[in-house]
Structures are given as structure tokens and as C-alpha cells.
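The residues making up each chain are set out below.
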Amino acid sequence: MMILESYMGVLIITFLAMFFMLGELMVKLKGLGMILGIGFITFYFLGQSPTYNVWLMGFVFIIGISLIVVDGKWIGDGTLGVIGLVLVLLSVAFAASTWIHALYSVAGVLLGSFSSLFLMKAFPRRDMWTKVALLDQLSSEAGYNSLNETYIELLNQTGETITVLRPSGTIRVNGEEYSAISKSKWVDKGKKVKVVVVDGTKIEVEEVE
């Protein structure tokens, strides 16, 4: 197969295979993406010299894709997905006829995989990888802002320095200890201070005369 003898041909075929296969897993392409993806990757493997190694790598590829599907559908923490992608990369690389073809095939898989993410902007998403923290919204209901809310409550409250603020140190407010920064000058230990600025978990205080 002439197209697989060229470096760009190998890159394009593996790119299209992963673009459509992973695209089908992430968005609703009505099965067309999976059909095209399987077609391209089958064309890639059948286009290599029909040796035991090629058939073995084809089987490894199937295992890799299966791990990606299992991770996205039932587990969702990304671990099996990464292992699956590594197996896919190894399978297309070791099935290639030369090491340069292997590099191009790996590049095609990576480019196709990342490019498939853009399909999420144009098609309805599937319920895949919903447990991955990066896809979750950081909301107050989920408890992500509870720490910041606790610090905000310290604003305008008074406390006492339990170390010297030079300008940073430790203060005690309502029986709890916090790291704080003096807003203007150093403050000795045992001085009364007031919380004047809260920015995230950063607390600024000034001495109360």
C-alpha cells in the first residue's frame, strides 16, 4: 500500500484513526466516528508486513483502546486511560516497518488524540470521564470554597500575635492559629492585631494601638 510507505501517509492514517475513535468516545457521532476510526487503524495494520509481530501489536492496540473505554465509562480517574494510550502508542510504533515510520505513527496518534478534543465544541458530549477532577466544576456545594469562606470570616476580627511578624508570622484569632503578614511594620509577639485584608488564604493584619 503506497500511502503507508510514505512518512506523511503513516501520520495521516494514524491521525485519522485516533481522531475518529476517541472522538466517538467523547461526543455523539452516532457510531460513524468509531466505524471510520476502526477502518483507518485496520488499514494501517494490514498495510504492514503480515508478521506475527504485527498481529500481536494489533491485539495490543485493541487492549489499549479497551482500557481507555473502561476508564472513561466506569472508572473515570484517568489511570487506565493513560495506560491504554501508552499501549496504543507502543502498538503502532512496533508494528511500523522502520523506526522513522514508527515516529510518524506515534506523532499521528498523539495529534489525533488531542485534536479529537475539539469535537466537544461542535457535538453533544458523552457521559465519559465525568469523575475526573479537571472536568468538575469547582463549586461551593462541592466544598471547594469552604477553606476560603473560613478565612473571609476573619476579616475585621481582632487577635493576638503568638510570634513576631517580620513581617510574616503566626497569629491567634478565636482560639485558632493562622499564618499572617503585617501590613505595614513588624509586630512584636503578644500584640493585639486586627485582620484588615483577606485574599484567598492570605491574611494581612495591622497592630491595634
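Remember, it's a predicted structure, so these values are computed and weren't measured experimentally. (Residues numbered from 1 in each chain as written. Predicted model: local features only at pLDDT ≥ 70, side-chain atom pairs only at ≥ 80, totals over all residues. Heavy atoms only, no water.)

**Q** Explanation requested: the pattern of salt bridges in the structure shown.
**A** Charged atoms that come close allow side chains of opposite charge to pair. Using the criterion set out here, one finds three salt bridges in the structure. As a salt-bridge pair, Arg172 and Glu177 come within 3.5 Å of each other at their nearest N and O atoms. Put simply, Glu204 and Lys183 hold a salt bridge, and the shortest N to O gap is 3.6 Å. Of this pair, Glu204 sits in strand S5 (residues 202-207) while Lys183 is found in the loop between strand S3 (176-182) and strand S4 (192-199), placing the two residues 21 residues apart along the sequence. The exposure class of Glu204 is buried, given its relative accessible area of 14%. Among the charged side chains, a network of salt bridges with common partners joins Lys183, Lys202 and Glu204. (Salt bridge = Lys/Arg side-chain N within 4 Å of Asp/Glu carboxyl O. Helix = DSSP H or I, 4+ residues; strand = E, 2+ residues; numbered from the N terminus. Buried < 20%, exposed > 50% of the residue type's maximum accessible area, 1.4 Å probe, protein only.)

**Q** Hey, could you run me through unusual backbone geometry in this one?
**A** Most peptide bonds take the trans configuration, and most residues that are not glycine carry a negative phi. Omega for the peptide link from Arg166 to Pro167 comes to 0 degrees, which places this bond in the cis form. Considering the arrangement of structural elements, one finds Pro167 in the loop between strand S1 (158-161) and strand S2 (168-173). Here Lys30, not a glycine, exhibits a phi torsion of approximately 60 degrees, which is positive. Position of Lys30 among the secondary structure elements: in the loop between helix H1 (7-26) and helix H2 (32-46).

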